[in-house]
Amino acid sequence: MQTDNIINVTIENFQQVILQGSQEKLVLVDFWADWCEPCKQLMPVLEKLARDYSDRVILAKIDCDAQQELAAQFGVRSLPTVAFFKDGQPVDGFAGVESEAAIRSRIEQYIPGPADDLLKEAQDLLQQEQYQDAYTKAKQAYDINPTDATVRLTLADAACSVARLEHGKELLESIKMADRDSYYQHVLSKLNLAEQAADSPELRALLAAVEEAPEDLEKRLELAAKLYQAQRTEEALEHVFFVLRRDLSFADARKQALDMLNGLPKGDPLAARYRRILYSMLY
């Protein structure tokens, strides 16, 4: 079955299909001939893989009998030969027949995976100042690839933008020295500015008052509200849930807790953790 990403290449279209096409997708160039039995064995495998990766891969088929000039330009010496092109340049290839699993493994070295797509979406959303959605996408990328420094930094950036300063700080502290590049410095500066803005004399006075009278539940709720306004969300939740543990029906503590949780981005583990605590209290 022929699809839009499986293309017969000629001298007229090879530049468009292979050189230009590889700027957007990985191009697999299959050099074959009708008399070549191994070519006939390999081609269905390549076509299946092209269908599996239809949005990321182009299969460019060159009939070496009909396109002898092209085959000569590429220096093909045996059939079948498969060349991988990315960004206009050959990056990999093999001669003869390889298994579907082996070719799939080669392909996946050069195409973005799900985490890469989510990361790109998160970065675009950050640029557009859509911070809640950016956090959700970055968290999904992190769940797939938690060790990648760029994923961690992007999630830290988004976390700082949605009042999750504690989470952002934790992520930044996990970045190795070798990965502390200009983006790291940018996110660190963002975190520092947010922390400075969140440390007002009024907040310090409320914190001192709660330390002096830890069972003053009304004062704790006042402190929680101020902490939340200052983007110190985790601390705010800790104080609201302190009140709920003492008295589940005290004032508007339950509503305050739900409002804070509903304000967190979708997928935030902090929201999931405190929702479980609240549900265990209620039920």
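Everything numeric here is computed off the predicted structure, so don't read it as measured data. (Residues numbered from 1 in each chain as written. Predicted model: local features only at pLDDT ≥ 70, side-chain atom pairs only at ≥ 80, totals over all residues. Heavy atoms only, no water.)

Novice: Quick rundown of the overall build of the chain? Include the residues and the values.
Specialist: Tallying secondary structure elements over the chain gives 14 helices and 5 strands in all. The C-alpha atoms of the chain give 28 Å as radius of gyration, which overshoots the globular expectation for 283 residues (19 Å, by more than 25%). Along the first, second and third principal axes, the C-alpha atoms of the chain reach 90 × 40 × 30 Å. Of all 283 residues assigned to the chain, the portion counted as buried reaches 43%. Taking the contacts inside the chain whose residues are at least 6 apart along the sequence as the reference set, 64% of them involve residues at least 24 apart. Total accessible area computed for the chain in this model is approximately 14900 Å², and 49% of it derives from carbon and sulfur atoms. Placing the 32 positive and 47 negative side-chain charges of the chain at their respective mean positions leaves the two points 5 Å apart. (Helix = DSSP H or I, 4+ residues; strand = E, 2+ residues; numbered from the N terminus. Rg over C-alpha atoms; globule rule 2.2 N^0.38 Å. Buried < 20%, exposed > 50% of the residue type's maximum accessible area, 1.4 Å probe, protein only. Contact = heavy atoms within 4.5 Å. Areas by Shrake-Rupley, 256 points an atom, 1.4 Å probe, with all protein chains shown as cover. Lys, Arg positive; Asp, Glu negative; His and termini not counted. Charge placed at Lys NZ, Arg CZ, Asp CG, Glu CD.)

Novice: Help me get a handle on the state of the cysteines, residues and values and all.
Specialist: The full count for this structure, using the stated rule, is 1 disulfide. Residue Cys36 pairs covalently with Cys39 via a disulfide, S to S 2.4 Å. Where Cys36 bonds to Cys39 through sulfur, the torsion about that S-S bond is close to 85 degrees, and the disulfide is right-handed. Comparing Cys36 with Cys39 shows no difference in burial state: the two are buried. (Disulfide = S-S within 2.5 Å.)

Novice: An account of helix H6 (residues 131-144) is needed here, citing residue identities and associated values.
Specialist: In a regular helix each residue adds 1.5 Å, so 14 residues correspond to 20 Å; H6 covers 20 Å between its end C-alpha atoms and thus fits that length. Along H6, the positions that sit buried rather than exposed are Ala134, Tyr135, Thr136, Ala138, Lys139 and Ala141. (Expected span 1.5 Å × (residues − 1).)

Novice: Lay out the sheet that holds strand S3 (residues 57-63) in plain terms, naming residues and giving numbers.
Specialist: The strand order across the open sheet built from 5 strands is S1-S3-S2-S4-S5, with neighbouring strands paired in mixed fashion. Of all strands in the sheet, those bounded by a partner on one side alone are strand S1 (6-8) and strand S5 (89-95). With direction set aside, neighbouring strand axes in the sheet form an average angle of 20 degrees. Pairing of strand S2 (residues 26-32) with strand S4 (residues 81-86) involves 5 bridges; the strand directions are antiparallel. From the neighbouring strand, Asp30 faces S4, where its bridge partner is Val82. Lying over the sheet, helix H2 (residues 37-52) contacts S1, S2, S3, S4 and S5, oriented at roughly 165 degrees with respect to S2. Helix H4 (residues 100-108) contacts S2, S3, S4 and S5 of the sheet and is inclined by roughly 170 degrees relative to S5. (Pairing = 2+ DSSP bridges. Axes fitted to C-alpha atoms, helices over the stretch in contact; angles between N-to-C directions.)

Novice: Just give me the short version of the nonpolar core, but keep the residues and values in it.
Specialist: Among the nonpolar cores identified, the biggest contains 26 residues, and Leu237, Val240, Phe241, Leu244 and Leu261 are the most heavily contacted of them. Counting only elements with at least two residues in this core, the list comes to helix H10 (201-212), helix H11 (217-229), helix H12 (233-246), helix H13 (253-262) and helix H14 (269-282). With 7 residues, the single largest contributor to this core is H12. In terms of nonpolar packing, the next biggest core, distinct from the first, is built from 21 residues, Leu155, Ala159, Leu165 and Ala194 among them. (Core = buried A, V, L, I, M, F, W, Y, C linked by side-chain atoms within 4.5 Å.)

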